[in-house]
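The primary structure of each chain is shown beneath.
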Amino acid sequence: MSTPSGGEAARGVAPRPRFLAEHFESMGAQLDTSTMGIWLFLASEVLFFGGLFTAYGVYRANHPELFRYAQYFLDWRLGALNTLALIASSLSAAWSVRCAQLGQRKGLLAALAVTFALAGVFMGVKYLEYSHKLHHGVAWGASYRASEEILRSLPEAVRGLPVPDHMGTFFSVYYLMTGLHGIHVLVGMGLYLWLIRRARLGHFGPGYYGPVDAVALYWHLVDMIWIFLFPLFYLV
Amino acid sequence: MTTAAAGTAQGPAAESYLHHGRGLRSWLFTVDHKRIGIMYLALIAAALFLGGVFAMVLRMNLWWHGGGLVSNDAYNKLFTLHGAVMVFLFVIPGIPAALGNFVLPLQLGAKDVAFPRVNLLSFWLYSLGSALFVAVLVVGGVDTGWTLYPPYSLEGARGLGILLALAALFVVGFSSILTGLNFIATIHTMRPPGMGWFGLPLFLWALYATGIIQIVATPVLGITAAMGFLERLFHLGLFMPEYGGDPVLFQHFFWFYSHPAVYIMILPAMGIVSEVVSVFSRKPIFGYRFIAMSSIAIAVIGFFVWGHHMFVSGQSKWASLVFSFLTMLVAVPSAIKTFNWLATMYKGAIVLKTPMIYVLSFFAIFGIGGLTGLFLGSLATDIPLHDTYFVVAHFHFVMVGSVLTAFLAGLHYWWPKMTGRMYGETTGRLSALLVLVGFNVTFIPQFFAGVAGMPRRYATYAAVFQTNNRVSTVGSFILAAGLCLAVGGLLASLARGRRAPANPWGAASLEWSAASPPSHHNFDRTPTAGDPYDFSGLRLVSEEAGYVRAAGEAP
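Residues numbered from 1 in each chain as written. Chains lettered and ligands numbered in written order. Predicted model: local features only at pLDDT ≥ 70, side-chain atom pairs only at ≥ 80, totals over all residues.

A short note on the overall build of chain B
Scanning chain B from N- to C-terminus turns up 15 helices and two strands. Taken over the C-alpha trace, chain B has a radius of gyration of 24 Å; the compact-globule value for 555 residues is 24 Å, and the two agree within 12%. Taken over the C-alpha atoms alone, chain B extends approximately 75 × 50 × 45 Å along its principal axes. Evaluated residue by residue, chain B yields a buried proportion of 56% over its 555 residues. Partitioning the intrachain contacts of chain B with sequence separation of at least 6 by distance along the chain shows that 83% fall at a separation of at least 24. (Helix = DSSP H or I, 4+ residues; strand = E, 2+ residues; numbered from the N terminus. Rg over C-alpha atoms; globule rule 2.2 N^0.38 Å. Buried ≥ 20, exposed ≤ 12 C-beta atoms within 10 Å, placed from the backbone. Contact = placed C-beta atoms within 7 Å.)

Laid out in structure tokens, this is it:
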């Protein structure tokens, strides 16, 4: 029903753009709406994580000794590596939007692929961190049973200190927050695969780049959340 | 398809949205906001019925002070599911998802909401969440109260039921977020030519304010449900003290959502009242900007009052003091609305059709509910009243009585637009009276029982309260009869109702310039908006033809 009729073309009316949804009048109106929508979605994401950040603050206030002690289980160098990977991926994500707007197809594909790859690096490091901890029994809540080996690997100054109660609570918060963030990274990777496929089909250009823009905005938020998580868990 | 014959008989008018596509699939996979609204309406009505049946069993059990109709354990599960089903499946989504979905794009002269597929996703999530609540019932229910407070709710014995309930909250929460997101984006970007922000019908201002709360508050419920779910499965030590968790944090999180959620319930109700009171007083709404801005004020202040649910939780007394003060502040915009509605009626030509009678009931019920809220917002009076039937009566007045009467007002008001049929006025009026009388007879005795010290959430009570409870139970039957009559009258109109004209009430907002029922695309061409409360050019032609704007009158 939305196929442009022959009559319209004959009268010289511009055919309806391919990716203009039926209920919008113009591509501009459609872009405004999708931008508005993604910002509103990001607002709800901030509150979604906001609950966990609040929980972090409350548990840290309830058990300060626990948070001081447990952070020695985390390797700040791995965290820093991941921070760099995500910041770089935000740059390539922003670049992909620019390329789409300018109609640079090769640049767009490269920027999308780099973003995807950097997200893969992040998840790879995360996998190493998680598997190392879980292998040594550094699990969440009541399942926390740290092995002798990992306790011996703690810095000299820490080894002599009494082990606080409820060590698992720290790791519950750690796994919840980084895990939820990790799920967001995985979703982002899926979205970038989808964008790469569409970019290969030549869908994007100066007239239509809304999806690239929206996914990049989402990706910047995922990056931002990590920028808060890194110091809260690894540094302070 | 051959259009020659059809075109001449009925003119070029498009077929209605009800006949645009046939079969179950054309409904389940539709992206038409009108069909999604109708499907929501059907499920929400089913939720009201289910929650209502639970309520009637509760009321019958309370006929005798010793209980006895159901076991005490079953009673606990019934009141839990009554609360959860009514709150999450009926009152919160009721007006925005069912009526809002149908009306919002029409009032904007738009073809659809901003994100039609997201809208359908929202409906599916709601359906899935509802199914999960039914599954809670199937696996034996939960007995925690709808607030699901840990540590009790997350202790060993309550396994599958609580997990399903938390999963259901998570899922319906996202349904609500997506609806709010859609509405705000639509109102921002899809207003028609001629409609500035202060040309919006007040129902849309109300939905806008509701959308803010849905987007900002609901994710916190989502994450809380997820945390509770994982806590129960893996003993994370988040909310359970035995593992180092903090149960009061759950209460803070829960009420950070669930208090603003009462404004998700009441703001759209107030929006309907603003529309109906003006149309049926035949007078422009009084104090348009004050009503619009008070919706936003309620949405904003509503975020900072959650602690008034926790005056006895052990939170800091200074926090309680601030929460108490802020709670009083919400009364100001609520009163602004009420006075503006009354001023609208002053010297108006009031037409006592069914929607208006429901709105007058709303004024009475919301007045009582709002004023009794002041006792609970004040620290000193809340302490003795906490967890008594006074609280039960208060929140039923604001959450149930007010929202239900406004919902029924809106349903009758837009019914001709939704179905193309006029409901029977006599049945409608009678149902409105029964609901008003039944509601008050049910809940006013509970105020007295509460002040005298009857605690909530018990299957049995002291014999001295038996009269209060029996009057209350009789009232609940009157209320149920009123609701059945309203539903029966509306359903009967589908078969026997008179065909509705485009504008049966003489209203000026854009939905009444579309056909009744509207075509698939709502409007043949995008209409130009005028003042939604200027009724001066509208003349009643006949009952069959409805109101028509006289030639030469704007717009």
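Quick look at the overall build of chain A
Helices and strands together make up the secondary structure of chain A, namely nine helices and zero strands. Its C-alpha atoms give chain A a radius of gyration of 23 Å, clearly above 18 Å, the size a compact globule of 236 residues would have. In terms of overall dimensions, chain A has a C-alpha envelope of 85 × 30 × 25 Å along the principal axes. Per-residue burial over chain A gives 34% buried out of 236 residues. In chain A, once contacts between residues fewer than 6 apart in sequence are set aside, the share between residues at least 24 apart is 78%.

Notes on the interface of chain B and chain A
At the junction of the two partners, chain B supplies 30 residues and chain A supplies 29 residues. Of all elements in the fold, only helix 6 (160-189), helix 7 (202-234) and helix 8 (247-279) of chain B reach the threshold of two or more residues within the side of chain B that touches chain A. Among the elements that take part in the side of chain B that touches chain A, helix 7 of chain B stands out by supplying eight residues, more than any other. Residue composition of the side of chain B that touches chain A, grouped by class: 19 nonpolar, eight polar and three charged. (Nonpolar A, V, L, I, M, F, W, Y, C, P; charged D, E, K, R; others polar.)

Digging into the environment of Y144 of chain A
Residue and element names in this part refer to chain A. Inspection of the secondary structure puts Y144 in the loop between helix 5 (105-135) and helix 6 (148-152). On the basis of neighbour count, Y144 is assigned to the partly exposed category, with 19 C-beta atoms found within 10 Å. As a C-alpha pair, Y144 and P231 span 87 residues in sequence and 23 Å in three-dimensional space. Beyond its immediate chain neighbours, meaning those up to four positions away, Y144 contacts V138, A139, M167, G168 and F171.

What to know about helix 6 of chain B
Between its first and last C-alpha atoms helix 6 of chain B spans 44 Å; for 30 residues at 1.5 Å apiece the expected length is 44 Å, and the two agree. In terms of burial, helix 6 of chain B is a largely internal element, 26 of the 30 residues being buried. (Expected span 1.5 Å × (residues − 1).)

Description of the pairing of strand 1 (residues 538-542) of chain B
Residue and element names in this part refer to chain B. Alignment of strand 1 against strand 2 (residues 546-549), held across four bridges, turns out to be antiparallel. The residue of strand 2 that forms the bridge with S542 is G546. As consecutive antiparallel partners, strand 1 and strand 2 are separated by three residues. (Pairing = 2+ DSSP bridges.)

Brief notes about unusual backbone geometry
Here the residue pair P150 of chain B and P151 of chain B is connected by a cis peptide bond, since its omega of 5° sits within 30 degrees of zero. Following the sequence through the fold, P151 of chain B ends up in the loop between helix 5 (116-138) and helix 6. Of the consecutive residues S516 of chain B and P517 of chain B, the connecting peptide bond is found in the cis state with omega at -10°. Here P517 of chain B is to be found in the loop between helix 15 (466-496) and strand 1. Of note, the phi angle at H166 of chain A is positive, near 55°, even though the residue is not glycine. Tracing the sequence through the fold places H166 of chain A in the loop between helix 7 (156-159) and helix 8 (167-200). The phi dihedral of R457 of chain B falls on the positive side, at around 70°, and the residue is not glycine. Position of R457 of chain B relative to the elements: it lies in the loop between helix 14 (425-451) and helix 15.

So, the confidence of the model for chain B
Residue and element names in this part refer to chain B. In this model, chain B carries a mean pLDDT of 93, and residues with pLDDT of at least 70 account for 96%. Low pLDDT (under 50) marks residues 1-12, which in the prediction has one contact with non-local residues, meaning those over four places away or in another chain. Prediction confidence for the complex, expressed as pTM and ipTM, is 0.93 and 0.91 respectively. (pLDDT = per-residue confidence, 0-100.)

Some details on the environment of L89 of chain B
Residue and element names in this part refer to chain B. Within the fold, L89 resides in helix 4 (residues 72-107). It is 8.0 Å that separates the C-alpha atoms of L89 and V172, two residues lying 83 residues apart in sequence. Those residues in contact with L89, other than ones at most four positions away along the chain, are I44, A47, S130 and F133.

Some points on the nonpolar core
Counting residues in hydrophobic clusters, the biggest one holds 238 residues, and the most contacted among them are V85, A165, M265, A269, V273, V276 and V403 of chain B. Residues contacting M265 of chain B, with those up to four places away along its chain left out, are V91, I92, M399 and V403 of chain B. (Core = buried A, V, L, I, M, F, W, Y, C linked by C-beta atoms within 7 Å.)

Description of the packing of helix 14 of chain B against helix 15 of chain B
Residues and elements named next belong to chain B. One can describe the packing of helix 14 onto helix 15 by two numbers: an axis separation of 7 Å at closest approach and a directional angle of 155°. One finds that helix 14 runs roughly antiparallel with respect to helix 15. The crossing of helix 14 and helix 15 is left-handed. For the contact of helix 14 with helix 15, the class distribution of residues is 17 nonpolar, twelve polar and no charged. (Axes fitted to C-alpha atoms, helices over the stretch in contact; angles between N-to-C directions. Parallel < 35°, antiparallel > 145°, perpendicular 65-115°, else oblique. Left-handed = near helix turned anticlockwise from the far one by under 90°.)

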